[in-house]
Amino acid sequence: MKMTYFTGSIAAVPAANRQKYVDHVNAVWPLFRNHGATRMVETWGVDVPKGKVNDLYGAVNAKEGEVVVFAWLEWPDKATTDAAWQKMQGDPAMTGMDMPFDGSRMIFGGFEPVFEGGTDQGAGCFQGFALAVPEKNKAAHVKMAGEAWEDAFQPNGCLGIVEAWGVDVPRGKQTDFYRASKAEDGEVPLFSWTAWPDKATCDAAAKAMEAGMEGQEFPEMPFDGKRMMWGGFEPVFDSDKGR
């Protein structure tokens, strides 16, 4: 999997606006592509659990009848990304576009991959994650991700994994990645996903991994797992599909 740079985002979209949202992302992709983006993936929440401490619904202040959307743009590098956002602020095609969701509650940021395994191409199901990791634990987190990929995810049918470290994550007026993950001083937002052939494979893998841990002491994590948010998503748009 090639190294790149990501703009990761999470939003809440009214369930009734699903087709409008799909139409919207199909229309907006050529604009991002023209400004240098190399890929866009949009996924629709199908199995997003409620959490005790926080969850993806709370991350975007989702209202009744809204669905969580997990998405990312790929870019060659941060410089291309920064230049693109600067140009798009004055692009009439972008500023005049009507969005079928409340953009003021969307959380987003710039992330660089710190671990990638396998491929996320051709997936029928994604698991998306958002969390906060202490800056000092970055190396430990990367090591844990590599071990999890080799020992648990890949053997159970996972196609690929991406762990992306926040390098340009803005503070928001209503919502942002820091508030969503209840980040503490010295912690950095992470945006990551695993790719699966289909939901059945993903669900079976979760059961197998849970059974494999039965009777064992849960390993120490380099972050507070109680504040990690995740969910299951189905792709509704992938600019690479059919390539």
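The sections below set out a description of the structure shown in this document.

Brief notes about helix α7 (residues 199-213)
Compared with the 21 Å implied by 1.5 Å per residue over 15 residues, the 21 Å span of α7 between its first and last C-alpha is a close match. Looking one or two residues past α7, G215 carries a phi angle of roughly 85 degrees, positive in sign.

Side note on the environment of M106
Along the chain, M106 turns up in the loop between α4 (92-95) and β4 (107-118). Separated by 96 residues in the primary sequence, M106 and I10 place their C-alpha atoms 5.8 Å from one another. Each residue touching M106, except ones within four places of it in the same chain, is listed here: S9, I10, A11, F101 and T175.

Section: the nonpolar core
In terms of nonpolar packing, the biggest core is built from 27 residues, with I10, L56, W72, F177, F191 and W193 touching the most fellow members. The contact partners of W193, leaving out residues within four places of it in the chain, are F6, F70, W72, D120, F126, Q127, G128, F129, G160, I161 and V162. In terms of nonpolar packing, the next biggest core, distinct from the first, is built from 23 residues, Y5, V13, A37 and V67 among them.

Section: the sheet that holds strand β8 (residues 229-238)
Ordered in space as β1-β3-β2-β8-β5-β7-β6-β4, the 8 strands form a closed barrel in which the pairing is antiparallel. Strand-to-strand twist of the sheet, defined as the mean angle between neighbouring strand axes without regard to direction, takes the value 35 degrees. Inspection of the sheet shows strand β5 (residues 125-134) paired to strand β7 (residues 187-196) by 10 bridges, in the antiparallel sense. When the sheet's bridge partners are listed, F129 is paired in β7 with S192. Where helix α1 (residues 18-34) meets the sheet, it contacts β1 (5-14), β2 (39-47), β3 (66-75) and β8, and its direction lies at approximately 160 degrees from that of β2. Contacts from helix α5 (residues 138-153) reach β4, β5, β6 (160-168) and β7, with the element oriented near 55 degrees to β4.

Points about the pairing of β5
With 10 of 10 residues buried, β5 is to be regarded as a mostly interior element. Both faces of β5 are covered, namely the face carrying C125, Q127, F129, L131 and V133 and the face carrying F126, G128, A130, A132 and P134. Where β5 and β8 come together, 5 bridges link them in antiparallel fashion. Note that in β8 the partner of A130 across the bridge is M229.

Quick word on the side chain of S239
Locating S239 in the fold gives a position in the segment after β8. Overall, the relative accessible area of 14% leaves S239 in the buried class. Side-chain polar atoms of S239 contact the backbone nitrogen of M40, separated by 2.9 Å. Each residue touching S239, except ones within four places of it in the same chain, is listed here: W29, T38, R39 and M40.

Conventions and cut-offs
- Residues numbered from 1 in each chain as written.
- Predicted model: local features only at pLDDT ≥ 70, side-chain atom pairs only at ≥ 80, totals over all residues.
- Heavy atoms only, no water.
- Helix = DSSP H or I, 4+ residues; strand = E, 2+ residues; numbered from the N terminus.
- Expected span 1.5 Å × (residues − 1).
- Contact = heavy atoms within 4.5 Å.
- Core = buried A, V, L, I, M, F, W, Y, C linked by side-chain atoms within 4.5 Å.
- Buried < 20%, exposed > 50% of the residue type's maximum accessible area, 1.4 Å probe, protein only.
- Pairing = 2+ DSSP bridges.
- Axes fitted to C-alpha atoms, helices over the stretch in contact; angles between N-to-C directions.
- Polar contact = N/O pair within 3.5 Å; in protein donor to acceptor, adjacent residues only side chain to side chain.

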